[in-house]
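# Breakdown of the fold
Below, each chain spelled out in residue letters.
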Amino acid sequence: MILWRPAFETTAPQLCGVSNQATVTHVRCHPRRDITGAGYANGTGVLCQPNSTALLFIRAAGEGGVSALGFSPAGDHLAIGTEGGEIAVLALPDGLFCESPRSK
Amino acid sequence: MNAMPLPLARPLLDVLGARWRVGVPAVAAAWDGRSGFAGFALGDGSLALAPAAWDNGPTLRPRDGGGVELVPGAAAPPVARVPVHHGACLSVAADPDGGFLTSGADGQVARVKSDGEIRVIAQIDGPVATIATGPGAWRACAIGRTVHRLGMSASSIDVETTVTSLALDPSGARLAIADEGGVTLWAGGNGQRLLAGLGAPSGLAWSADGAWLGCAAGDALHAWQLPNPAPVTVAVGPVGSLTTAGSVLAAG
């Protein structure tokens with residue numbers, strides 16, 4: 001996964017997420033935190049952060065590739081679905097993260 | 001990630017989420033912020049309505065000595081499945097008036113409320129793979145090389161080749177349209193063709209302030225600081241999905 005801040009000056013893209021053989025199929029940015037959700041063609045789902053190698057596993061590989069991904073408008077939930085017919089909703093309570101969300 | 005220390009031997013979905021087997025592919029997902037339901041467009045033409053929260057679901061609570069601990073909860077209730085389309089449901093978005101807007105292989109664009117009520121708002125000749133919704137009561141869909149704006153301000157625009165992606169700017173003033181040959185900005189009337197010949201664009205995303213538009217095309221990311229029609233470009237390799245948060249473009 002690639003993160004790029006196109007500040008219309010010289011900025012190089014960063015890489016984050018997991019390095020595996022699977023292609024990223026879906027990427028979504030959290031509406032209020034510096035967190036990016038990614039789904040992969042092997043079904044893996046992760047949350048990761050710019051300038052960090054740490055990540056949280058949402059789901060393990062299986063049930064087909066990730067074909068649907070989206071944060072709720074307030075950022076307190078994530079929806080994820082796969083080609084293999086699994087749909088899922090994940091709660092993201094504030095207690096899960098150390099830092100406070102950006103104010104709206 | 002600055003996550004609180006949790007015993008995360010299992011994927012997060014298994015401790016703080018709910019999973020449902022629906023037996024058919026999930027095609028797309030969107031959220032209705034008002035009702036708290038996620039809508040999943042499914043390959044059998046239905047829309048699955050998944051609740052974000054339910055009675056006695058799992059939670060986190062502060063732990064003595066710092067950090068948090070998991071409080072396991074009751075299992076999630078079954079999801080409701082609303083049969084909307086004949087053939088596959090091809091896309092879903094949050095409707096500007098609440099609930100969801102879906103499109104299908106049957107050429108229909110329908111509004112589905114979170115209580116399951118369905119209202120067909122357009123019938124088009126051919127599968128409708130792409131829709132976009134947002135501020136200003138925008139409901140747009142693409143079929144072939146034509147983009148239709150539905151509703152009170154009904155209008156349409158033809159672009160050069162088959163439309164692959166739509167993205168409405170955060171203010172609802174301009175719709176970015178990607179087709180197989182380039183990107184067009186449409187604010188009603190004639191569109192403004194941004195640089196063509198990028199290779200086939202695979203995704204579009206606006207910055208949160210609407211100041212710039214990002215596009216993945218070929219093996220590169222492009223960003224336009226509008227109204228400057230010349231993009232800045234970085235080569236990154238193949239990109240399948242694109243999104244933004246604030247001033248960061250994320251691609252995978």
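No experiment lies behind these values; they were computed from the predicted model shown.

### Focus: the nonpolar core
Of all hydrophobic cores here, the largest spans 20 residues; its most connected members are Leu47, Leu78, Leu90, Leu92 and Leu96 of chain A together with Leu12 and Leu16 of chain B. Going through the elements one at a time, strand S6 (55-59), strand S7 (66-71), strand S8 (77-82) and strand S9 (86-91) of chain A together with helix H1 (12-16) of chain B are the ones with two or more residues in this core. Examining the composition of this core, we find that 4 residues originate from one element, H1 of chain B, more than from any other. In contact with Leu90 of chain A, not counting residues within four places along its chain, are Ile58, Asp76, His77 and Leu78 of chain A together with Leu12, Leu13, Leu16 and Gly17 of chain B. Within the second largest apolar cluster, 19 residues are counted, among which are Ala68 and Ala79 of chain A together with Ala18 and Ala26 of chain B.

### Section: the side chain of Ser46 of chain B
All names here are of chain B. Mapping Ser46 onto the fold places it in strand S4 (residues 46-51). Here the side chain of Ser46 touches Asp44 through a polar contact of 2.7 Å, side chain to side chain. Separated by 3.4 Å, the side chains of Ser46 and Arg81 make a polar contact. In contact with Ser46, not counting residues within four places along its chain, are Phe40, Ala41, Arg81, Val82, Pro83, Val84 and Cys89.

### Remarks on the confidence of the model for chain A
Averaged over every residue, the pLDDT of chain A is 84; the share at 70 or more is 80%. Looking at the elements of chain A, mean pLDDT is at its lowest for strand S2 (residues 14-15) of chain A, recorded as 70, and at its highest for S8 of chain A, recorded as 98.

### Side note on the sheet that holds strand S16 (residues 163-168) of chain B
The strands making up a sheet associate through hydrogen bonds between their backbones, and the pairing can be parallel or antiparallel. Residue and element names in this part refer to chain B. Spatially, 4 strands are ordered S16-S17-S18-S19 in an open sheet, and the strand pairing comes out antiparallel. A single partner strand is all that each edge strand has here, and the edge strands are S16 and strand S19 (192-193). Bridge count for S16 against strand S17 (residues 175-179) is 5 bridges, and the pairing is antiparallel. Counted as the bridge partner of Leu166 is Ile177 from S17.

About the cut-offs
Residues numbered from 1 in each chain as written. Chains lettered and ligands numbered in written order. Predicted model: local features only at pLDDT ≥ 70, side-chain atom pairs only at ≥ 80, totals over all residues. Heavy atoms only, no water. Core = buried A, V, L, I, M, F, W, Y, C linked by side-chain atoms within 4.5 Å. Buried < 20%, exposed > 50% of the residue type's maximum accessible area, 1.4 Å probe, protein only. Helix = DSSP H or I, 4+ residues; strand = E, 2+ residues; numbered from the N terminus. Contact = heavy atoms within 4.5 Å. Polar contact = N/O pair within 3.5 Å; in protein donor to acceptor, adjacent residues only side chain to side chain. pLDDT = per-residue confidence, 0-100. Pairing = 2+ DSSP bridges.

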